[in-house]
Structures are given as structure tokens and as C-alpha cells.
Amino acid sequence: MLSVKPQPLQHFPAASPHQRRRRPLASRRYAGRLSPRAAVVSNFHLPMLSKEVKNRTSVDDIKSLRLITAMKTPYLPDGRFDTEAYDSLINMQIEDGVEAVIVGGTTGEGQLMSWDEHIMLIAHTVNCFGGSIKVIGNTGSNSTREAIHATEQGFIVGMHAALHINPYYGKTSSEGLVSHFNSVLSMGPTIIYNVPSRTGQDISPSVIYSIASNTNLAGIKECMGNDRIKQYTDNGIVAWSGNDDECHDARWDHGATGVISVASNLVPGLMRQLMFEGKNPSLNSKLMPLIEWLFKEPNPIALNTALAQLGVVRPVFRLPYVPLPLPKRLVFAELVNQIGHEHFVGNKDVQVLDDEDFIVLGRY
């Protein structure tokens, strides 16, 4: 890991009156400024921490979670958060045995939120539900400065753990990844999220091994397949599957603790069975058409459409996401009937909806 060695401050003797009189104009112009070397000081950043025990969770508590839902964020017609619908979605997750939620992740469209919205939603979730379900805030960023600031705020408002992605688009080196993660691990329980299909960069096992000794590392959400998961679990590192279509085998054959799931937004009870009740290839096969449908377009397009068809959220989209076209909405309605409506969230009949029913917002 690269480190910056602090340079000692330099002290310069005051000039004599005679020297001051003879100093050239250019020197006088810059007389009040120190040498650049004198401005290099050691890193004095200290994390904002609270030792109060209310709502605090140990790293071991996070490591034991088997079913974590990456929550959808619903909207009002003007694009603001629909907190009434959101609260209802969270309550349905709690009722069906989900142990934790990711707030403001990719599925929850954290990338479309201001940081004010992001922290507000984390705080709201903790305030209303923190005693019943673990709240994991997605406070990662491709800017280390933003990741530090958001993670401090998230823990101060009470989130139980943080989810951190590797810097995307402006990618860095392996040494940079280690430094980035070490900058936020000091603040509380942390899950690292590896999803190269979105970030364009794989977090290699060597990076994870470099930070594995940090007591705040809860584990990794891994989307690179079950062989990678087994590599971690064989070495004592907790891993969750980030792929709904692989999570059954990850859990029961490769040592994964559980799954961080998109499908559990729709069928939380069935996903709990898949993670808690032993091998169940029949149920896994039953869910596979739904899972495949969910990811034919980039997440969360299909999920947003499905929840609107189930009547549990308004059919409001923030661009660049747009609803699925009519033929794919018809397929979802068929999937609900095949799997059984009683397994899906909400108590309304599934609808196909007309294209005109959807609201798509470019400004919000």
C-alpha cells in the first residue's frame, strides 16, 4: 500500500531590518507564503464515531445475515420519495423474515439520488425500522472523499453497516483500492461489493486478503460466481452471493452465508425458504424463470415495472430508467400466476398496465 511520508515543518529565521529593506519586489510579494514542503502535514483525519449502544450492531451480527434485500425506492408523481409506499415495502420484508435491507443501492437507485436524499432515506429507515431489521446503507462512491463523508453521516444517523463498491469509471490500481477501502473501514461494519459488470473492474482476491485483517470487514458481496465465493469461504472470509440465479448453490454448496437479493423485493418468503431451509432444487427451479425475467434488462428496470404491476408502488420512473414494454409486462403477469400470487408482495391482482399509466421523469 502506498503511503505519504509527512515532511517536517520548516522554520525560517526572521530577516533583519536591513535584509527586509533590500528584498526584491518579487520576494516581498510572496513573503507571507510558506514553502510547499512546509504545507505537507500528517493525516489528522479522525472518523466521526459514537460509542452509544442504541441501534449499534457488531460485525459478527452482520456476518450472520442470510437474507438481505436490496430495496427498491418508490416515487411520488413529482419524483420525490414515496415514503408511505416505501414503509409498506419494508414492513412486508419484515413480515416475511428478511433480516436486513440495503438502502440506496443500485436496485434502490442510489446513483440517481443526491447525497441529502441518500442520507435522509437511510435515517428514515433506521428511525422507523432499525429495531426490527438491519439497515445497511450504500455509502460507497468512486470518490474516496465522498465515500468517507457519506459513511460518516450514515453511521451517525444509525445505520448498522455500510456497503462499499470499488471506484468505477475513474478506476484505480490494486494499491488504490486497498487505500480506498481502508479509508472507510475504520467507521463501522462494512460489506465490500464486487460487481465488475457495473464498475468495469474486478476486486481481486489479493485486495480482499489485504484488508481481511480489519475487524470491521464483515464480508464481500460477490458477483463473480460461486468459485470465487468458495475461494473466500475456504479462507474464512464471509461472502454473500450477489446473483439471485446462483444463490441457492452458493449457499448450500460453496459456503456463502446467504444472498443480497433483488428477487426478494417480490417474493421475500420464497427467498427466505431458499436461504434458511436447506437444499431445495425444486424451489430454485421454480423461481428461475422469474429471476431470468428480472435481469433480461439492466436492474432495476424489470423490478420497478413488476412492483408497479403488483400495485405496491406508483408507476413512476426516474430517467434513465423506463418501464418494460407491454409484451414483457404480459410475461410477468403469467409468471405471477404460475408461481402463485400468494407468494408475491401486496394483496392486489397483478395488472398489465397501459403504457400511458407510467410516469417517466427527467427532472425531479
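Check the entry above for the structure.
Computed from a predicted structure; not experimentally measured.

> An account of the overall build of the protein is requested, with residue identities and associated values reported.
Secondary structure assignment for the protein yields 15 helices and 10 strands. In the protein, which comprises 364 residues, the proportion classed as buried is 51%. Residue pairs in contact within the protein that sit at least 24 positions apart in sequence constitute 71% of those at least 6 positions apart. Counting only carbon and sulfur atoms, one obtains 51% of the accessible surface of the protein, whose full area is about 17,600 Å².

> I'd like a description of helix α6 (residues 144–156), backed by residues and values.
Here α6 contains 13 residues, and its C-alpha end-to-end distance of 18 Å stays within 8% of the 18 Å for a straight helix at 1.5 Å per residue. Inspection of α6 places Ala147, Ile148, Ala150, Thr151, Glu152, Gly154 and Phe155 among the buried residues, and these make up the whole buried set. Positive backbone phi, approximately 110°, marks Gly158, located one or two places after α6.

> With reference to specific residues and values, describe the pattern of salt bridges.
Where charged atoms from two side chains of opposite charge approach closely, those side chains can pair. Within the structure shown, the criterion is met by 10 salt bridges. Between Arg318 and Glu117 there is a salt bridge, and its shortest N-O distance comes to 2.9 Å. With Arg318 in strand β9 (residues 316–318) and Glu117 in helix α5 (residues 115–129), this pair connects stretches of sequence that are 201 residues apart. Neither residue differs from the other here; Arg318 and Glu117 are each classed as buried. A salt bridge links Arg228 to Glu222, with the shortest nitrogen-to-oxygen separation between them at 3.8 Å. It is possible to trace a salt-bridge network through shared partners that takes in Asp202, Glu222 and Arg228.

> Go over helix α7 (residues 174–185) with me, naming the residues and quoting the values.
Quick reminder: α-helices carry 3.6 residues per turn. Residues three or four places apart thus point the same way. When the terminal C-alpha atoms of α7 are compared, their 16 Å separation across 12 residues agrees well with the 16 Å that a helix rising 1.5 Å per residue should span. Within α7, burial applies to Gly176, Leu177, Val178, His180, Phe181, Val184 and Leu185. Check the buried side of α7 and you find it contacts α6, β4 (161–165), β5 (190–194), α9 (205–211) and β6 (217–222).

> Account for unusual backbone geometry, with residues named and values stated.
Geometrically, the link from Asn299 to Pro300 is a cis peptide bond, its omega value of 15° lying close to zero. Of note, Pro300 is situated in the loop between α13 (281–294) and α14 (301–309). For Leu353, which is not glycine, the phi dihedral falls at a positive 70°. Within the secondary structure, Leu353 is located in the loop between α15 (326–339) and β10 (359–361).

> Got a sec to walk through the layout of surface pockets? Specific residues and values, please.
Within this model, the largest pocket holds a volume of roughly 820 Å³. Lining the largest pocket are 38 residues; nearest its centre among them are Thr106, Ile165, Tyr193, Val195 and Arg198. Elements with a contribution of two residues or more to the lining of the largest pocket: α5, β4, α8 (196–199), β8 (258–261) and α13. A per-class count over the lining of the largest pocket returns 15 nonpolar, 17 polar and 6 charged.

> Before we move on, can you summarise the packing of α5 against α6 with the specific residues and values?
Taken N-terminus to C-terminus, the directions of α5 and α6 make an angle of 30°; their axes are 10 Å apart at the nearest point. Here α5 is positioned roughly parallel relative to α6, judged by the angle of their axes. Viewed along their axes, α5 and α6 form a crossing whose handedness is right-handed. Contacts between α5 and α6 pair Trp115, Ile119 and Ile122 from the former with Glu146, Ala150, Gln153 and Gly154 from the latter. Its residues assigned to classes, the contact of α5 with α6 shows 4 nonpolar, 2 polar and 1 charged.

> Please give an account of the sheet that holds strand β3 (residues 134–138) that cites residues and values.
On the basis of which strands lie adjacent, the closed barrel formed by 8 strands has the order β1-β2-β3-β4-β5-β6-β7-β8 and parallel pairing. Direction aside, the axes of adjacent strands within the sheet are offset by 25° on average. Here β5 runs beside β6; their pairing, made up of 5 bridges, is parallel. Bridging across to β6, Tyr193 finds its partner in Lys221. With respect to the sheet, helix α10 (residues 226–234) is in contact with β5, β6 and β7 (239–241), its orientation differing from that of β7 by roughly 160°.

Rules and cut-offs
Residues numbered from 1 in each chain as written. Predicted model: local features only at pLDDT ≥ 70, side-chain atom pairs only at ≥ 80, totals over all residues. Heavy atoms only, no water. Helix = DSSP H or I, 4+ residues; strand = E, 2+ residues; numbered from the N terminus. Buried < 20%, exposed > 50% of the residue type's maximum accessible area, 1.4 Å probe, protein only. Contact = heavy atoms within 4.5 Å. Areas by Shrake-Rupley, 256 points an atom, 1.4 Å probe, with all protein chains shown as cover. Expected span 1.5 Å × (residues − 1). Salt bridge = Lys/Arg side-chain N within 4 Å of Asp/Glu carboxyl O. 1 Å grid on protein atoms, 1.4 Å probe; cavity = no way out; pocket = protein on both sides within 12 Å on 5 of 7 lines; lining within 4 Å. Points joined across faces, edges and corners; volume = space filled by probe spheres on them. Nonpolar A, V, L, I, M, F, W, Y, C, P; charged D, E, K, R; others polar. Axes fitted to C-alpha atoms, helices over the stretch in contact; angles between N-to-C directions. Parallel < 35°, antiparallel > 145°, perpendicular 65-115°, else oblique. Left-handed = near helix turned anticlockwise from the far one by under 90°. Pairing = 2+ DSSP bridges.

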